[in-house]
Every structure is written in structure tokens, then in C-alpha cells.
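Here are the chains, one letter per residue:
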Amino acid sequence: DAFAERYWQGLQYGEVCKEAEQEILMLLDMREISCAILESCEFRNLYQVPEAASNVPLRLLMDEESYTLAKGFLIDLGYETDRFYTGFGERMKRVSGIRVEIYRKPPFQTPAYEKQMQFLLRRAFVKEPYHTVRTLNLEDRFIFYMASCAYRYAQDELVIRELMDLYLYHRTWQEQINLDHV
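In this report, the structure presented in the accompanying data block is examined. Since we're looking at a predicted model, the values are computed, not measured. (Residues numbered from 1 in each chain as written. Predicted model: local features only at pLDDT ≥ 70, side-chain atom pairs only at ≥ 80, totals over all residues. Heavy atoms only, no water.)

Remarks on the side chain of aspartate 165
And step 1. When you line up the elements, aspartate 165 lands in helix α5 (residues 160-173).
And step 2. Buried charge without a partner: aspartate 165 forms no salt bridge, and the closest opposite charge is arginine 161, 5.6 Å away. (Helix = DSSP H or I, 4+ residues; strand = E, 2+ residues; numbered from the N terminus. Buried < 20%, exposed > 50% of the residue type's maximum accessible area, 1.4 Å probe, protein only. Lys, Arg positive; Asp, Glu negative; His and termini not counted. Salt bridge = Lys/Arg side-chain N within 4 Å of Asp/Glu carboxyl O.)

In C-alpha cells, the structure reads:
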């Protein structure tokens, strides 16, 4: 029963996830709220059976002013704060199960990690068709995922699903990733 319930949730999540993400990103772009995508439900596409993937939240990084505006817009869309990340941001959730994590600074507590992540984010480029929504290139995204796994491991918070996501990301993009850059 637990497997069937998890599979059903995965199916439902997959159907509404992409639409919800596009709705959020379009709204932020229309309001000229600059943000960088750290993670999205695109990870689901790495799995042969997308419902087997975890229900990854849309993770966005933005400056303090944009954070406040984005939170207000998410509340207007029916999202409620589900969890606070003290000093970094929060996770918001909709009744449908869609989750969004918004950060006002990279979600790492050590200055070295934060500094390196800021460096990666400065190289983020505008994601089409948007004007204010940025994303990381393949190499920088891979570095971000590796750093996130290492950081969560050191915090004793790493789950096997995150390692699986990292493995699938590498396996999918290994031919295109410039390892000299990494």
C-alpha cells in the first residue's frame, strides 16, 4: 500500500509540477523579480520512470527585496510557509503538494560554501523565455549539486535520493559537461 500511494503521489505531482513552476516563474518575470533557479522538477526527466523521482521543490535564490515580493506573490497564489530555514529562507507549500523554496542567500551555513556558491551564481544566465529568471550552466549546476550533497552529508542530512539525482545528472550530461571547468 505504501508503494502504491507513493507511486500515485508521484504521478499526480508530475502532472502539476511543471505547470506550477512555469506559473511561478512567469509571474516573477512579469513582475521583474530577479531570481536564480537552483533546482526544479526538471530532475524528474532524468529518471526512466519520472514518478520514481522525488518530489523536488522549485528552489529559487533572490535578493532580500525580491524575496519579500516573491513571498507575497506566492501567498497570493495559495502557498503557505511549511518550513523556515533560519537566516536563509523558507519552504512554501500549496494544497496540491507543490513546494517552493525561496532563499535570500545560498542555503549553506559556512562562509566558504556561501562564497563559492555566490561565485557560481554570478555566472548564471537568463533562462529563455524569461528576462529576469536565471539558471546555471551544466557545469555550474553539477558543481552546485555536488556541493549540496557534500554539505548535506556533513550536516548528516543527506538522503540516498539526492545521491541518485546527482548520479543521474552526471550520467545524463557527462558527454556535455566540461570536466576541466568542474
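Continuing now.
Regarding the sheet that holds strand β7 (residues 133-135)
And step 1. Across the sheet, seven strands lie side by side as β3-β4-β5-β2-β1-β7-β6; this open sheet has mixed pairing. Only two strands of the sheet have a single partner each, and these edge strands are β3 (80-85) and β6 (125-126).
And step 2. Sheet topology note: the strand β1 (residues 35-39)/β7 ladder contains two bridges and is parallel. Paired with alanine 36 across the strands is arginine 134, a residue of β7. (Pairing = 2+ DSSP bridges.)

Description of the pattern of salt bridges
And step 1. Here the structure, examined in full by the defined rule, presents 12 salt bridges.
And step 2. With its nearest N and O atoms 2.9 Å apart, the salt bridge here joins glutamate 39 to arginine 59. With glutamate 39 in strand β1 and arginine 59 in strand β2 (residues 58-61), the pair connects residues that are 20 residues apart, well separated along the chain.
And step 3. On the accessibility criterion, arginine 59 (13% relative accessible area) is buried.
And step 4. For arginine 104, the salt bridge is made with glutamate 64, and the minimal N-O distance between the two is 3.8 Å. Of this pair, arginine 104 sits in the loop between β5 (99-103) and α3 (111-122) while glutamate 64 sits in helix α2 (residues 64-76); the two residues are 40 residues apart in sequence, bridging distant segments of the chain.
And step 5. Look at arginine 104 and you get partly exposed, because its relative accessible area is 30%.
And step 6. By relative accessible area, glutamate 64 is classed as partly exposed at 46%.

Focus on the layout of surface pockets
And step 1. The calculated volume of the largest pocket comes to roughly 780 Å³.
And step 2. Secondary structure elements with two or more residues in the lining of the largest pocket: β3, β5, α4 (138-154) and α5.
And step 3. For the lining of the largest pocket, the element with the most residues is α4, which contributes six residues. (1 Å grid on protein atoms, 1.4 Å probe; cavity = no way out; pocket = protein on both sides within 12 Å on 5 of 7 lines; lining within 4 Å. Points joined across faces, edges and corners; volume = space filled by probe spheres on them.)

Side note on α5
And step 1. Taking 1.5 Å of rise per residue, the 14 residues of α5 would be expected to cover 20 Å, and the 20 Å separating its terminal C-alpha atoms lies within 8% of that figure.
And step 2. The secondary structure elements touched by the buried residues of α5 are α4. (Expected span 1.5 Å × (residues − 1). Contact = heavy atoms within 4.5 Å.)

What to know about the packing of aromatic side chains
And step 1. Enumeration according to the criterion identifies five aromatic pairs in this entry.
And step 2. Lying across the ring of tyrosine 67, arginine 104 places its NZ or CZ 4.5 Å from the centre. (Phe/Tyr/Trp six-rings, centres within 6.5 Å; stacked < 30°, edge-to-face > 60°. Lys NZ or Arg CZ within 6 Å of the ring centre and 35° of its normal.)

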